[in-house]
Amino acid sequence: MVNIMLRFLFAAFTSIIMGLLFMGIGRKFIARIRRHYAGPFYQSFIDVIKLFSKKSISHNWIMDFGVMMGFAGIIATIIFMPIGPFNVFSQMQGNIIIIIYFMTIGYLGMAMGVAASGNPNATIGIARALTLMLGYEIPFVLTVILLVFANNSSLLQVMVVNQQGGFMEWNAIRYPFAFLAALIALQGMLGEQPFDAMIAPSEIASGPMVELSGKFLGFGFLQHAAQIFLETGIIVNMFLGGSQNFFIFFAKQLALYLLTVAVSGIFPRYRFEDAVKFFWMAPTALAAIQLIIFII
Amino acid sequence: MLLTSTNEIKDNGMERILNFFRKKSLWMLHYCTGCGAVELPPTMTSRWDMERFGMGPMATPRQADLLLITGYLSVKSLKRVIYTYEQMQEPKWVIAFGSCPINGGIYYDSYSVINRLALYMPVDLSIEGCMPRPEAIIDGFTKLMKAIEKGEAVGYKKYRENYEWYKANQRNVLERTSAVLKEEA
């Protein structure tokens, strides 16, 4: 029991610390794309400590509960994801269907928390986020279906084992269209441009975060950090061969995240209904083509 | 009269440690009705790049630490600025841009513009100039960071201690215009 607790704490802390580090490096990277320098790579840690040292205002207990549930939902999902060679429950081996179910808890918690704050901008923002979720889940689930059929298993660990032996064995090379679809879906999952209509700062005043102050925003930050770690981690396990080494695993995640950030650095923003339409057309078509090729 | 001097309400102990993180991550909210707002985009973007200091623009008062009053304030907008300031969470700081919030600037004899912002809100730092260039703004920010590190930038505590004094000043000037602004309470 103590053993499992320790493993859980390890997974939670690793995801938060690596997520914040990725965020900091991503900010540096995007600044270089735009030809300036930005702060140090540990800027996100400073921001989080500052946010937790501020006073914060709560509107009602549902807001407290919702923000905590959003954070806990993402951390709970990380339990099921293999982090390199590490699994919190060694017999679970990362069932992708459980992960997809659990991932929505984070969003729903956030939705409950920010909707309880009573600010109309927050409600608009979270409505857009949940609508966008309808968009990217379809191509993502299609790629998952493809991999489940290809591996005869829904366990991420099995998928990783089947990809061992050089990068030519990676699913990204075997199923390039599906990989492309998953990358576009990842862009939407992380809420980066061009799919950041839900946080549009000058239009709806940063959407879901509009009423969050101090510790609440701090939890929002931690949730986003853990989310970056989780979602890049899933794609690395599914398409980039996972790894038996922590550092290689983190490096693959970082490369994937920087790719996302680079795309977001040069794109403007889709309106959210156009974004959903785009998700249902282009990446869904790519995933479907790959599925048809696989069946034939 | 103001009740406490700055020395008595200085930060110390644990606050001083947290101040190290606070000064490196100042998120700002700009109140952009004055002409100083036009100097901010070059300060933020790649030419002068204030993100080096961990500063960045924020969308709402709840998230921000630093309120920038960029230029003159009419009495009508003073009311909004006070609402905004009171919505911000402590610790919070105020920077007044340009001559207008210091002594009225070119609007010194206007019937509808306030002359000294410091009478109505605790201003931590004023950047003079009409308008201050980005270099002056960055210089002002670094001065504020030093003051925060030393625990001297405690305008928000001053506001709390002297709430009655500030409120009386605010009432004075807002009542003067109540004949016009009564409708919107």
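See the structure above.
Structure report, in brief. (Residues numbered from 1 in each chain as written. Chains lettered and ligands numbered in written order. Predicted model: local features only at pLDDT ≥ 70, side-chain atom pairs only at ≥ 80, totals over all residues. Heavy atoms only, no water.)

## Concerning the packing of helix 1 (residues 2-33) of chain A against helix 11 (residues 246-266) of chain A
Residues and elements named next belong to chain A. Note the cut-off: In this analysis, axes come from line fits to C-alpha atoms, helices being fitted only over the stretch in contact, and the angle between any two N-to-C directions falls in the range 0 to 180 degrees. Runs of H or I in DSSP of at least four residues are treated as helices and runs of E of at least two as strands, each being numbered from the N terminus. Any angle that is under 35 degrees is reported as roughly parallel, and any over 145 degrees as roughly antiparallel; angles of 65 to 115 degrees are reported as roughly perpendicular and all others as oblique. For any helix crossing, the convention is left-handed if the near helix is rotated counterclockwise from the far helix by under a right angle, and right-handed if that rotation is clockwise. We call two residues in contact when some of their heavy atoms are within 4.5 Å. Gly falls in the polar group here, along with every residue not listed as nonpolar (Ala, Val, Leu, Ile, Met, Phe, Trp, Tyr, Cys, Pro) or charged (Asp, Glu, Lys, Arg).
Where helix 1 contacts helix 11, the two axes come as close as 9 Å, and the packing angle between them is 40°. For the element pair helix 1 / helix 11, the angle class is oblique. The crossing of helix 1 and helix 11 is right-handed. Side by side, helix 1 and helix 11 meet where F10, T14, M18, F22, M23, I25, G26, F29, I30 and I33 of the first sit next to F246, F250, Q253, L254, Y257, L258, V261, A262, S264, G265 and I266 of the second. Residue composition of the contact of helix 1 with helix 11, grouped by class: 16 nonpolar, five polar and no charged.

## With respect to the nonpolar core
Selection criterion: Think of a nonpolar core as a cluster: buried Ala, Val, Leu, Ile, Met, Phe, Trp, Tyr and Cys residues, connected wherever their side-chain atoms sit within 4.5 Å. Any residue under 20% of the maximum accessible area for its type is buried, any over 50% is exposed, and the rest in between are partly exposed; the area is computed with a 1.4 Å probe on protein chains only.
Within the largest apolar cluster, 89 residues are counted, with the highest numbers of intra-cluster contacts made by A:I83, A:F140, A:I234, A:M238 and A:F239. If you tally residues by element for this core, the top one is helix 10 (residues 214-239) of chain A, at 14 residues. Discounting chain neighbours no more than four positions away, the residues touching A:F239 are A:T143, A:L147, A:Q163, A:W170, A:N171, A:A172, A:Y175, A:A178, A:F179 and A:A182. Ranked by size, the runner-up nonpolar core spans 45 residues in total, among them B:V75, B:I82, B:I95 and B:A153.

## Considering the pairing of strand 3 (residues 66-70) of chain B
Residue and element names in this part refer to chain B. Counted only if it meets this: Pairing between strands is defined by DSSP: at least two bridges between the two strands are required. With strands facing away from the observer, any crossover in which the path from the first strand over the helix to the second runs clockwise is taken as right-handed.
Counted residue by residue, strand 3 has five buried out of five residues, so it is predominantly covered. Residues L66, L68 and T70 point to one face of strand 3 and L67 and I69 to the other, with burial holding for every one of them. Note that strand 1 (residues 27-31) and strand 3 share four bridges and pair parallel. The residue bridging M28 from the neighbouring strand is L66, located in strand 3. Where strand 3 and strand 4 (residues 93-97) come together, five bridges link them in parallel fashion. Bridged to L66 within strand 4 is W93. With respect to chirality, the unit in which strand 3 leads through helix 3 (residues 75-87) into the neighbouring parallel strand 4 is right-handed.

## Brief notes about helix 5 (residues 134-150) of chain B
Residue and element names in this part refer to chain B. Convention followed: Expected helix span is taken as 1.5 Å per residue step, with the number of steps being one fewer than the number of residues.
With 17 residues, helix 5 extends 24 Å between its outermost C-alpha atoms, agreeing within 8% with the 24 Å of an ideal straight helix rising 1.5 Å per residue. Where helix 5 is concerned, the buried positions are P134, I137, I138, G140, F141, L144, M145, A147 and I148. Lining the buried residues of helix 5 we find helix 1 (14-23), strand 1, helix 2 (40-44), strand 3, strand 4 and strand 5 (125-127). One or two steps after helix 5, the chain reaches G151, where phi turns positive at roughly 80°.

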